[in-house]
Structures are given as C-alpha cells and as structure tokens.
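Reading the structure
What follows is the residue order along each chain.
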Amino acid sequence: MHEINRSDTDAGRTRSLTGGTLKRILLLTGLVVGLAAVGSAFAGVAKADKVGPITFEPKQGYVLGGINGQQGWMKSGAYDVAVASVATFPAASGYGFGSQALRLSNAVVSGSFGDQTFSPGLSSPAGEGSAAAHFSARFKIGTTLATVQPGLFMSVSPDNGSGGRMSYLRFEDQSDGVHVFFDDVTDNGPIGTVANFNETDIATLSRATAHSIRFEINFKNGPGNDVVKIFIDGKKTITGTTWENYYRYDPEASGNGNQVPTTSKLLFREGGSAADATPANLGNGFLVDGVTLKSSAGHGQDNGKNKNDKNNGNNNGNNNGNNNGNNNGGGHDHGHSQPGK
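Cut-off values and rules
- Residues numbered from 1 in each chain as written.
- Predicted model: local features only at pLDDT ≥ 70, side-chain atom pairs only at ≥ 80, totals over all residues.
- Heavy atoms only, no water.
- Core = buried A, V, L, I, M, F, W, Y, C linked by side-chain atoms within 4.5 Å.
- Buried < 20%, exposed > 50% of the residue type's maximum accessible area, 1.4 Å probe, protein only.
- Contact = heavy atoms within 4.5 Å.
- Helix = DSSP H or I, 4+ residues; strand = E, 2+ residues; numbered from the N terminus.
- Pairing = 2+ DSSP bridges.
- 1 Å grid on protein atoms, 1.4 Å probe; cavity = no way out; pocket = protein on both sides within 12 Å on 5 of 7 lines; lining within 4 Å.
- Points joined across faces, edges and corners; volume = space filled by probe spheres on them.
- Nonpolar A, V, L, I, M, F, W, Y, C, P; charged D, E, K, R; others polar.
- Phe/Tyr/Trp six-rings, centres within 6.5 Å; stacked < 30°, edge-to-face > 60°.
- Lys NZ or Arg CZ within 6 Å of the ring centre and 35° of its normal.

Okay, the nonpolar core next. The nonpolar side chains of a soluble globular protein tend to be buried, and buried together. If you look at the biggest cluster of nonpolar residues, it comprises 51 residues, and the most contacted ones within it are Phe139, Phe171 and Val291. In this structure Phe171 touches Phe139, Ile141, Leu152, Phe153, Met154, Val156, Val178, His179, Val180, Leu205, Ile213 and Phe286, once residues within four positions along its chain are discounted. Listed in part, the nine residues of the second largest apolar core include Ala92, Tyr95, Ala101 and Leu287.

Moving on, we get to the environment of Ala208. Position of Ala208 among the secondary structure elements: in the loop between β10 (196-205) and β11 (211-218). Expressed as a C-alpha distance, the spacing of Ala208 and Gly94, which sit 114 residues apart in the sequence, is 8.4 Å.

What follows deals with the sheet that holds β10. The strands making up a sheet are joined through hydrogen bonds of the backbone, oriented either antiparallel or parallel. Read across the sheet, six strands follow the order β5-β14-β7-β8-β9-β10 without closing on themselves; strand pairing throughout is antiparallel. Looking at strand neighbours, the two that pair on one side only are β5 (117-118) and β10, the edges of this open sheet. Note: strand β8 (residues 169-174) against strand β9 (residues 177-186), six bridges, orientation antiparallel. Of the residues in β9, the one forming a bridge with Glu172 is His179.

Following the sequence through the fold, Pro53 ends up in strand β1 (residues 49-54). Owing to a relative accessible area of 44%, Pro53 belongs among the partly exposed residues under this scheme. Separated by 84 residues in sequence, Pro53 and Ala137 place their C-alpha atoms 9.9 Å apart. In this structure, Pro53 is in contact with Gln60, Val291 and Thr292, ignoring residues within four places of it in sequence.

This paragraph deals with empty space enclosed by the protein. For the coordinates displayed, the defined rule picks out two cavities of 30 Å³ or more. The computed volume of the largest cavity comes to approximately 60 Å³. In terms of residue count, the dominant contributor to the lining of the largest cavity is strand β6 (residues 134-143) (three residues). By residue class, the composition of the lining of the largest cavity is six nonpolar, five polar and one charged.

Once that is clear, we can look at the packing of aromatic side chains. Using the criterion set out here, one finds 11 aromatic pairs in the structure. Each ring, one from Phe171 and one from Phe286, has its centre 6.5 Å from the other, and the planes form 65°; the classification is edge-to-face. Residue Phe171 is found in strand β8, and its partner Phe286 is found in strand β15 (residues 286-296); the two are separated by 115 residues along the sequence. Linked through ring pairs, Phe56, Tyr62, Trp73, Phe139, Phe171, Phe268 and Phe286 together constitute an aromatic cluster. Its guanidinium or amino end placed over the ring of Phe181, Arg170 lies 4.5 Å from that ring's centre, counting from NZ or CZ. Over the aromatic face of Phe231 sits the side chain of Arg214, whose NZ or CZ is 3.9 Å from the ring centroid.

The structure is reproduced here in structure tokens:
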C-alpha cells in the first residue's frame, strides 16, 4: 500500500514536472525567437549609417577659419578652403545657409589627393560586397559673388578618404552660370585595359540662388553594373555608373591590386596643374552647406527617368585609392584621360 501510494505520488510529481518543463520550454523558445528578431533588427540597423546634415554652424562646434581638424574634416594642404561667415557675401543672403558655410576656391590647386578637403566619414562604408550596398550624399552649393568668377572650378567625389573616387561632379563658373560636369568610366577589361572617362555637361546653374546636389549610388557585385544617379534641385539629371572598372582593369590601378575601394566620405577637390590656379579667386569661390552622407543596405529612391539617362551598365571605373600615391601624402594626377580637376 505504501509502495502504491509512493508510486502515485511519484507519478503526480512526474506529471507536474513534465507540465512545468513544457511551460519553460515554451517560454524559452519564445524568448529565443524574440531575441533573434531583435538581433535581426539591430543587424539591419548596423548596415545603415549617417553623417549630417553638416551646417557649419557654431552650435555644431564649427568656428571661422581653416576646416582642417574641425569635427572630423581633413585638409592638410594649403588650399583656399575655410569656414566663412555667410554675411561676408551679400550675394549669398538668400541661400538659406544660416550664419556660416564652407567656402572653397581654386586660388591654390595641385595634382594631389590625400591632402585635399575630406568630409567626416561614415563608420559603415558602402561598396561592392559590403553590408551597405547603397551610398547617398547631398549638399547645397552657391557662389560667393553674383557675377562670374573667371576660372573658378571645384570637383566633388564620393571617396574612400584617400583619393579613391567612385564618382565625380565638377562645378565651373562660366559666363552663363555654373556648369556641372559628370564623369563615369567605360572599361570592359581585361586587366591592363586603359579606361575611358566619359564627361557630360549635365546642367547650368544660376548664381542667383543656391542649388541642391545629390549622389545616389547602388553598388552591385560584379563588373560594370553599379548605378549612379545625380539629382539637382530634386530632379534626376543623369544616370550613369561608377568608376569601379577603372580600379578593376586599368593598369594605373595595378599598384592597388586592381581592388575596387569602398566609399565613406566626400572629397572636395581643387585639383589640376599650376596653370589651373586662379589667385584672383582667393577669399571667394563657392559656398557649401547642408552636407549629408548615408550608407544603407537598400537601394535609394528614383524620381523617374531623364533624357540624360545613359543606362550604360558597362561604364565603370574609379580613381584608385593607393596607386596614385595619394594616401595622405599628396599623390598626383593620373597619366591619361581621368579628369585632373
């Protein structure tokens, strides 16, 4: 009798423990699933990064004078680039830039890269094969004067921080306004094939107002298939490709193992030879504000096609990051058709 009672008691305990165990298993399973979902969400967030908008205002820690070392900006060369008071330039009163902006001119130029003006960088660079396959950058630009500044130019490129340009816009002040030139690359290989740099005049900007400029780049695995879209004042102006195949095939990129760089910064460059410098533009030039950079896993939005869409999936290349001797030491322009400015 005692044995029977003990057996019944043990069976009851077994049933009770089994039920409790099942409950715990269910709870733990739910917890694991929940944590996995949270981890997945955080993983998605880790693939995205943002810098800006940078307005160069005192509240962001910017002071008037040289930009080098301010809030992550780099410029070790003697270029005419500084944080300036917008009030100094009456022509900029309607730009909506606030009290300060970044001012740049080509009073001083060189063929180097690593000592030019670089924005703060993304902690998650965008590029082929990386978690962040999309790069976006925007800024506003205007001129310091309402009249033409002869010879004035500046180029802006998504970059890896040492001259590894993956796209390119050049702004030139001409008699009828500021012309914007876009360059991409055609090079179908094999390794050792010299790339062709394709330049298109995509817009002429009025000096009466500031203008919004935007890069949208989708990096895709494999050669010749990246997509670059340029938007000016909210309108898609051209669709082209990156410079990935320049790095992948051009003999100038062999020193870097023909590796395609990632993108994390904007390079504001006053390039060229001594003959391209215009000392008369010292203290004037362009004003830049509202600089924003983003990297993400997804693709950017498209606002529709434009007559300048090139749809040229095979036009690719880039200014190499290391082969140019441009790693913070200076470096020089390439020897063939790559834009020198």
